[in-house]
Amino acid sequence: MKNFYYSIISSSLVGAKSSDPNSYKTTSYVAVSIITCLNFFTINMLLNAGGICDILNIVEVDIISKKSLISGQVHGLLNFGVISLLIHYFIFFYKKNYEAILKKSPQKNGTLMIYYIAISLVVMIITGVLLRWLSNIGVVEDFTYMKPLWVLKLF
């Protein structure tokens, strides 16, 4: 599984290098981190709907109200995005791991990353629609959040 994920990262690096040779490492790092953040959230939603665990809530943000769109986006960025960025920092930049990834998992083009993005987004949309439908008919309860370590109240 690790080799397959490294192939996806290598594909991302090759695809980004062909379009942006100067900052391809950063572009690839951000793209892979964003998709992985969305995958973490999708998996966490599925586990919460199944009653296995609560939604990750290290930092709770109350901007306007807890249910507002802005509050949800900041919550997702702080709780899932930071974790994804840290993990991928060590995968990409720690001791120049991206060079080893490119050598171990050579890719001819960036199509594997495109497939990874497309499949991830389709699974996320299907999960969201399915959970909304199951919630409306009463099969799945509303999301439950773990008790936060920090609470940020802006307004």
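As the structure is a prediction and not an experimental result, all values here were calculated from the model.

Enquirer: Help me understand the side chain of Thr 127, please; the structure alone is not making it clear to me.
Expert: One can find Thr 127 in helix 5 (residues 111-136). The class of Thr 127 is buried, set by a relative accessible area of 6%. Setting aside chain neighbours within four positions, we find Thr 127 in contact with Thr 42, Met 45 and Leu 46.

Enquirer: I keep staring at unusual backbone geometry and nothing clicks. Help me out?
Expert: Note: most peptide bonds trans; most residues except glycine with negative phi. Its identity as a non-glycine residue notwithstanding, Lys 95 has a phi of 55°, on the positive side. Structurally, the position occupied by Lys 95 is in the loop between helix 3 (69-92) and helix 4 (97-104). Taking the relative accessible area as the measure of exposure, Lys 95 reaches 67% and is therefore exposed. Look at Lys 96: it is not a glycine, yet its phi comes out positive at around 55°. Its location among the elements puts Lys 96 in the loop between helix 3 and helix 4. Residue Lys 96 is classed as partly exposed on the basis of its relative accessible area, which comes to 49%.

Enquirer: Teacher, can you tell me more about the environment of Phe 92 here?
Expert: Among the secondary structure elements, Phe 92 is positioned in helix 3. When the C-alpha atoms of Phe 92 and Lys 25 are compared, they prove to be 7.8 Å apart, with 67 residues separating the residues in sequence. Other than its neighbours up to four places away in sequence, Phe 92 contacts Ile 9, Leu 13, Lys 25, Ser 28, Tyr 29, Val 32, Asn 97 and Tyr 98.

Enquirer: What is the right way to look at the packing of aromatic side chains in this model?
Expert: Each aromatic ring pair is summarised here by two numbers: the centre-to-centre distance and the angle between the ring planes. Evaluated as defined, the whole model comprises eight aromatic pairs. Ring centres of Tyr 29 and Phe 92 lie 5.9 Å apart, and the angle between their planes is 75°; this geometry places the pair in the edge-to-face category. In this pair, Tyr 29 sits in helix 2 (residues 24-49) while Phe 92 sits in helix 3, placing the two residues 63 residues apart along the sequence. Under the relative-accessibility criterion, Tyr 29 is labelled buried at 13%. Given a relative accessible area of 0%, Phe 92 falls into the buried group.

Enquirer: Can you help me understand the side chain of Asn 57 in this one?
Expert: As for its placement among the helices and strands, Asn 57 is situated in the loop between helix 2 and strand 1 (59-62). Asn 57 sits in the buried class, given a relative accessible area of 2%. Look past the residues within four positions of Asn 57 in its chain and what remains in contact with it is His 75, Asn 79, Tyr 145, Met 146, Lys 147, Pro 148 and Leu 149.

Each value, and the rule that gives it
- Residues numbered from 1 in each chain as written.
- Predicted model: local features only at pLDDT ≥ 70, side-chain atom pairs only at ≥ 80, totals over all residues.
- Heavy atoms only, no water.
- Helix = DSSP H or I, 4+ residues; strand = E, 2+ residues; numbered from the N terminus.
- Buried < 20%, exposed > 50% of the residue type's maximum accessible area, 1.4 Å probe, protein only.
- Contact = heavy atoms within 4.5 Å.
- Phe/Tyr/Trp six-rings, centres within 6.5 Å; stacked < 30°, edge-to-face > 60°.

Purely geometric stuff here, so don't read any function into it on its own.
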